Amino acid sequence: MKPAEYYMRDRAHHAPALTPDYKTSVTRSPQYALLSLENSLSEITGPVFSHNDIEALDNDLIKNYSHGGDPIGERIIVHGRVLDENSRPVPNTMVEIWQANAGGRYRHKKDTYLAPIDPNFGGCGRTMTDADGYYYFRTVKPGAYPWRNWVNNWRPAHIHVSVFGAAFAQRLITQLYFEGDPLIAKCPIVQTVPDAEAIDQMVAKLDINATIPLDSIAYRFDIVLRGRRSTLFENRLEGN
Amino acid sequence: MDYLKETPSQTAGPYVHIGLAPKAAGFDIFKQELGWDIAGPNAKGERIRVEGCVYDGTGAPIKDVMLETWQANTDGHYAHPEDGHTVENGFRGWGRVITDFDTGLWGFDTVKPGATLGRNGTIQAPHINLWIVARGINVGLNTRLYFDDCDNSNDPVLNLIEQTQRRQTLIASRHEDSKGVTYHFDIHIQGTGETVFLDI
């Protein structure tokens, strides 16, 4: 069977490039229309990873930068499945995350926020989904932090999430927010996404049954990548 | 019909390096960071370097940008099961590229890709697929890099660009010196000379 195209990305479900309330986008947004391409081999292929690329502790942010202790903060589990638009699992794909520490400070030489660095917290992790598309991380809940946009903007607590899928056309970076956070509605970056249901897809839900009693609270976050057509009739995508 | 909807994209933000290139953020955490060796030691073909800068709409360099590259090997095959061909052991074809935080300049080493199959039996001129994320970019931007010493005249993607002068924004220029072959490729996110970006 010949491979088929990925479904067209629904741009109305994503933020437009120019979102003036998120000021940095004003000079970083193309003015001309994107050139729409039908998929070729260049788009339906993408990097392949294996467990040789990662190590066992890479998905445990409580332990993967430990310098003699655990990081300060609320211990959480973030878990879920990577699916495509057809509800099929996306197996064996790389999921990477990064985040601020519990005080809202990033371990980055360009971050100068006055909250302190945590000596036991790096703030990044990675894992591969299993055959059912399932993944999990253990970490501490990141803190909210101020950022320069208007005079007084605060990012809601969030974790950055990077996912590959099986094709360069599926590549995605998004952010995970936490259910019930009142800063979500006030954040110009969250609100670049025009649709309330779309924003809700980025909000991890408290998953009380997945918590570890007396240890860690859990949040569920399913990630959806683009799906692809089934090949009912030959469409000569590959040529020959 | 009920389909799931794709999770919305959000900006990678200014600290993308923490997650995807932590050494650049200033700390060492993973045994092996991903995306630093695109071609591997066994790749056939011409070894090249690509250098450039990404500019914003005011003409200033974007110093916190990250690029990912995806390319075929010198025979025009991708390291992916759907290509249907094997590639050299260690050839991955994928890379991560970050800038010098002070200047915004970036560069990567690879091999020059071969022509690849396009749709409907067409041949795509050699190219490197690029994906660009940064603070202020809400949805990662896709584009392609072609080579000025290749015959690009029949490339099915370049020929879709209606304003023919804009095709030049996707073509890297070759320079040779004692250190080797370098292609120069600047990306203009907005404004005069805006790069052609693709909805793939």
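Residues numbered from 1 in each chain as written. Chains lettered and ligands numbered in written order. Predicted model: local features only at pLDDT ≥ 70, side-chain atom pairs only at ≥ 80, totals over all residues. Heavy atoms only, no water.

A.B. asks: Help me understand the overall build of chain A in this model?
C.D. replies: Counting secondary structure elements, chain A contains 2 helices and 12 strands. Taken from the N to the C terminus, the helices and strands of chain A come in the order β-α-β-β-β-β-β-β-β-β-α-β-β-β. Relative to the 2.2 N^0.38 estimate, which gives 18 Å for 240 residues, the radius of gyration of chain A is 19 Å and therefore close to what a compact globule would have. Counting across all 240 residues of chain A, residues that qualify as buried make up 58%. Sequence separation of 24 or more characterises 71% of the internal contacts of chain A that already satisfy a separation of 6 or more. As presented, chain A carries roughly 10500 Å² of accessible surface, and 56% of it is formed by carbon and sulfur atoms. (Helix = DSSP H or I, 4+ residues; strand = E, 2+ residues; numbered from the N terminus. Rg over C-alpha atoms; globule rule 2.2 N^0.38 Å. Buried < 20%, exposed > 50% of the residue type's maximum accessible area, 1.4 Å probe, protein only. Contact = heavy atoms within 4.5 Å. Areas by Shrake-Rupley, 256 points an atom, 1.4 Å probe, with all protein chains shown as cover.)

A.B. asks: In this structure, what is going on with the overall build of chain B? I would like to understand it.
C.D. replies: If you tally the helices and strands in chain B, you get 2 helices and 12 strands. Secondary structure of chain B in N-to-C order comes out as α-α-β-β-β-β-β-β-β-β-β-β-β-β. Here the C-alpha coordinates of chain B stretch approximately 55 × 45 × 40 Å along the principal axes. Out of the 200 residues belonging to chain B, those deemed buried represent 60%. Nonlocal contacts in chain B, meaning residues at least 24 apart in sequence, comprise 65% of its contacts between residues at least 6 apart. Taken as a whole, chain B presents about 7700 Å² of accessible surface, with 48% of it coming from carbon and sulfur. With 17 positive and 27 negative side-chain charges, chain B shows a spacing of 2 Å between the two charge centroids. (Lys, Arg positive; Asp, Glu negative; His and termini not counted. Charge placed at Lys NZ, Arg CZ, Asp CG, Glu CD.)

A.B. asks: Would you mind showing me how to read the interface of chain A and chain B here?
C.D. replies: The figure often quoted for interface size is the accessible area lost as the parts come together. Across the boundary between the two partners, chain A contributes 95 residues, which contact 82 residues of chain B. Buried area between chain A and chain B, both sides added, is near 7900 Å², and the carbon and sulfur share of it is 55%. Counting across the interface, chain A meets chain B through 11 salt bridges. Linking chain A with chain B are 51 residue pairs in polar contact (both at pLDDT 80 or more). Of all the elements, strand 9 (residues 172-178) of chain A adds the most residues to the side of chain A that touches chain B, at 5 residues. For the side of chain A that touches chain B, the per-class residue count stands at 40 nonpolar, 31 polar and 24 charged. As judged from the 2 bridges shared by strand 1 (residues 35-36) of chain A and strand 12 (residues 198-199) of chain B, these two strands associate in the parallel manner. Across the sheet, the residue bridging to Ser 36 of chain A is Asp 199 of chain B, located in strand 12 of chain B. (Buried area = accessible area lost by both parts, 1.4 Å probe. Salt bridge = Lys/Arg side-chain N within 4 Å of Asp/Glu carboxyl O. Polar contact = N/O pair within 3.5 Å; in protein donor to acceptor, adjacent residues only side chain to side chain. Nonpolar A, V, L, I, M, F, W, Y, C, P; charged D, E, K, R; others polar. Pairing = 2+ DSSP bridges.)

A.B. asks: How should the packing of aromatic side chains be read in this particular structure?
C.D. replies: What describes a pair of aromatic rings is the distance from one ring centre to the other and the angle between the planes of the rings. Counted by the stated rule, this structure contains 14 aromatic pairs over all chains. A ring pair is formed by Tyr 106 of chain A and Tyr 15 of chain B, whose centres lie 4.7 Å apart and whose planes are at 45°; its orientation type is tilted. With one member in each of two chains, Tyr 106 of chain A in the loop between strand 3 (94-99) and strand 4 (124-128) and Tyr 15 of chain B in the segment before helix 1 (16-20) form a pair that bridges those chains. Taken individually, Tyr 106 of chain A and Tyr 15 of chain B each receive the classification buried, so the pair is uniform in this respect. Put simply, the rings of Phe 49 and Phe 164 of chain A together with Trp 94 of chain B pair up and form one aromatic cluster. (Phe/Tyr/Trp six-rings, centres within 6.5 Å; stacked < 30°, edge-to-face > 60°.)

A.B. asks: What is the right way to look at the nonpolar core in this model?
C.D. replies: Note on soluble globular proteins: their nonpolar side chains tend to be buried together. By size, the foremost hydrophobic cluster in this structure holds 51 residues, and its most contacted members are Trp 98 of chain A together with Ile 18 of chain B. For this core, the secondary-structure elements that each account for two or more residues are helix 1 (41-44), strand 3 and strand 4 of chain A together with helix 1, helix 2 (22-25), strand 2 (66-71), strand 3 (94-98) and strand 7 (127-133) of chain B. (Core = buried A, V, L, I, M, F, W, Y, C linked by side-chain atoms within 4.5 Å.)

A.B. asks: What is the right way to read the side chain of Thr 211 of chain A from this model?
C.D. replies: With respect to the helices, strands and loops of the structure, Thr 211 of chain A is situated in the loop between strand 10 (203-206) and strand 11 (217-220). When its relative accessible area of 19% is taken as the criterion, Thr 211 of chain A is described as buried.

A.B. asks: Hey, could you run me through the environment of Glu 55 of chain A in this one?
C.D. replies: All names here are of chain A. Counting through the fold element by element, Glu 55 comes out in the loop between helix 1 and strand 2 (75-84). Overall, the relative accessible area of 37% leaves Glu 55 in the partly exposed class. It is 8.5 Å that separates the C-alpha atoms of Glu 55 and Thr 127, two residues lying 72 residues apart in sequence.

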